[in-house]
Amino acid sequence: LEAGRAIGIDATAVSYFRLAMRGVTWTAAAAAAIGWALVTMARGQDDQDIEEEAITADQLRALHGKFDENGDGKVSLQEVMRFAAGVSREIAARDIGSIMEEIDTSKDGRLSLEEHYGDLHKQAEGGDEEEIKDLERRKAIEAEKFKAADVNGDGFLDMNELPALFYPETHEAVLAVTAAATLKEKDKNQDGKLSPGEFWEADDASSEEGDLTEEEVADFRKLDLDGDGFLDLEEMKHWESGRYHVEQAMKHMFEVADKDGDLHITVDELTSAKETVSVSDAQYHLIEWTEHHELDRRRRAGSARRPSSILAVEGVRLEARPDGVVGRVTGDGPSSGLCR
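Here the structure is a predicted model, which means the values were calculated and not measured.

### Section: the nonpolar core
Leu-162, Met-250, Met-253, Leu-286 and Trp-289 are the most contacted members of the largest nonpolar core, which has 43 residues in total. If you list the elements that add at least two residues to this core, you get helix 5 (57-67), helix 6 (77-103), helix 8 (129-149), helix 9 (162-166), helix 14 (243-257) and helix 17 (282-301). Ranked by the residues each element gives to this core, the list is headed by helix 6, at 12 residues. Residues in contact with Leu-286, not counting those within four places in the same chain, are Ile-55, Leu-60, Leu-63, Phe-67, Met-253 and Val-277. Core analysis: the second largest hydrophobic core is formed by 14 residues, Leu-194, Val-217, Leu-223 and Leu-231 among them.

Here it is as structure tokens:
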């Protein structure tokens, strides 16, 4: 962590790395490690590379039109957040065919719990005793998620139910299971809530804020909606769903773009703030949303698929297939397997 700070990795990247290193749930650790790599790479490239990837004014105009639900020419934070939630559901629906194809071994167009377990076991192949033990814990959580996603109770997940299993943020019941599992994992004193030290898995979990970075302290206080100094299940859902990160990035975008202070952004205000937005966390969400809609547009037009992209970090390959965000992590550890 000290080395990271020394070479200019900011507190956000350090926080990702802390989560990856401290043995949180496998999915969270994998996401944290990948997030840390992406943040480091995005912020560590030279200025020209970042500028080339910056969102354009035309793309901002197009996104503004999609944000603007009532067509009044200006958008609120609430409209942007509803748009973000909609995109998450669209991405889940788009990618679920690839996931089903990957793990539906019976090829009957639906997923059984046994098939899901089979994929988990493939991911754990070659793992040590501790990883095998962790697999059993993961299977128990996945069984709860599976049950919550199985709306019709037939013991299988069809194409309408399956997105919730892999995209918990799109389904409140599955999200509740995921958030509860994370809370239980971090809750060292088993009081049903998380202190700052427990949430960030500080070396001294009983400490309040002394072992945390300023950004970690600030994030915790923003998540603590009732201000009681702890995070409960509802507050954890805000974090686990990713809504917190999107909302914070969009709030910053509004702060720099809303010049007249009316809590709305016009298209001119948004494009005028392009340079500032392009070097903020909002940039990554805006690019993702733009690429999602441009991919859909190319599909409707029948154009060729984009080539696969591969990120290789320390011998682990993260490959995004042409049909969407879904890919496969390949390597020697338990992180090998299906991912998004």
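Still more ground to cover, so stick around.
### Considering the packing of aromatic side chains
Here the structure, examined in full by the defined rule, presents eight aromatic pairs. An angle of 80° between the planes, with centres 5.4 Å apart, marks the rings of Phe-83 and Trp-289 as edge-to-face. Placement of the pair is Phe-83 in helix 6 and Trp-289 in helix 17, with a sequence separation of 206 residues. Put simply, the rings of Phe-199, Trp-200, Phe-220, Trp-239 and Tyr-244 touch in pairs and so form one group of aromatic residues. Between the NZ or CZ atom of Arg-110 and the centre of the ring of Phe-156, over which it lies, the distance is 3.6 Å. Above the plane of the ring of Phe-230 lies Lys-193, whose end atom (NZ or CZ) is 4.2 Å from the centre.

### A short note on the pattern of salt bridges
Following the criterion strictly, the structure yields 13 salt bridges and no others. Of the charged contacts in the structure, one is a salt bridge between Arg-61 and Asp-58, with a shortest N-O distance of 2.7 Å. Of this pair, Arg-61 and Asp-58 both sit in helix 5, three residues apart, which is roughly one turn of the helix. Residues Lys-186 and Glu-201 are paired through a salt bridge, measuring 3.1 Å at the closest nitrogen-oxygen approach. Taken together, the positions of Lys-186 in helix 10 (residues 172-186) and Glu-201 in the loop between helix 11 (196-199) and helix 12 (214-223) put the pair 15 residues apart, joining distant regions of the chain. It is possible to trace a salt-bridge network through shared partners that takes in Glu-172, Glu-234, Lys-237 and Arg-243.

### Describing helix 10
With 15 residues, helix 10 should reach 21 Å at 1.5 Å per residue; the first-to-last C-alpha distance of 21 Å fits that figure. Among the residues making up helix 10, those that are buried are Val-174, Leu-175, Val-177, Thr-178, Ala-179, Ala-181, Thr-182, Leu-183 and Lys-186.

### A few points about the packing of helix 5 against helix 6
Where helix 5 contacts helix 6, the axes come no closer than 9 Å and their chain directions differ by 95°. Taken together, the axis directions place helix 5 and helix 6 in an arrangement best described as roughly perpendicular. Here Leu-63, Lys-66 and Phe-67 of helix 5 lie close against helix 6, whose contacting residues are Glu-79, Val-80 and Phe-83. Grouping the amino acids of the contact of helix 5 with helix 6 by side-chain chemistry returns four nonpolar, no polar and two charged.

The rules behind each value
Residues numbered from 1 in each chain as written. Predicted model: local features only at pLDDT ≥ 70, side-chain atom pairs only at ≥ 80, totals over all residues. Heavy atoms only, no water. Core = buried A, V, L, I, M, F, W, Y, C linked by side-chain atoms within 4.5 Å. Buried < 20%, exposed > 50% of the residue type's maximum accessible area, 1.4 Å probe, protein only. Helix = DSSP H or I, 4+ residues; strand = E, 2+ residues; numbered from the N terminus. Contact = heavy atoms within 4.5 Å. Phe/Tyr/Trp six-rings, centres within 6.5 Å; stacked < 30°, edge-to-face > 60°. Lys NZ or Arg CZ within 6 Å of the ring centre and 35° of its normal. Salt bridge = Lys/Arg side-chain N within 4 Å of Asp/Glu carboxyl O. Expected span 1.5 Å × (residues − 1). Axes fitted to C-alpha atoms, helices over the stretch in contact; angles between N-to-C directions. Parallel < 35°, antiparallel > 145°, perpendicular 65-115°, else oblique. Nonpolar A, V, L, I, M, F, W, Y, C, P; charged D, E, K, R; others polar.

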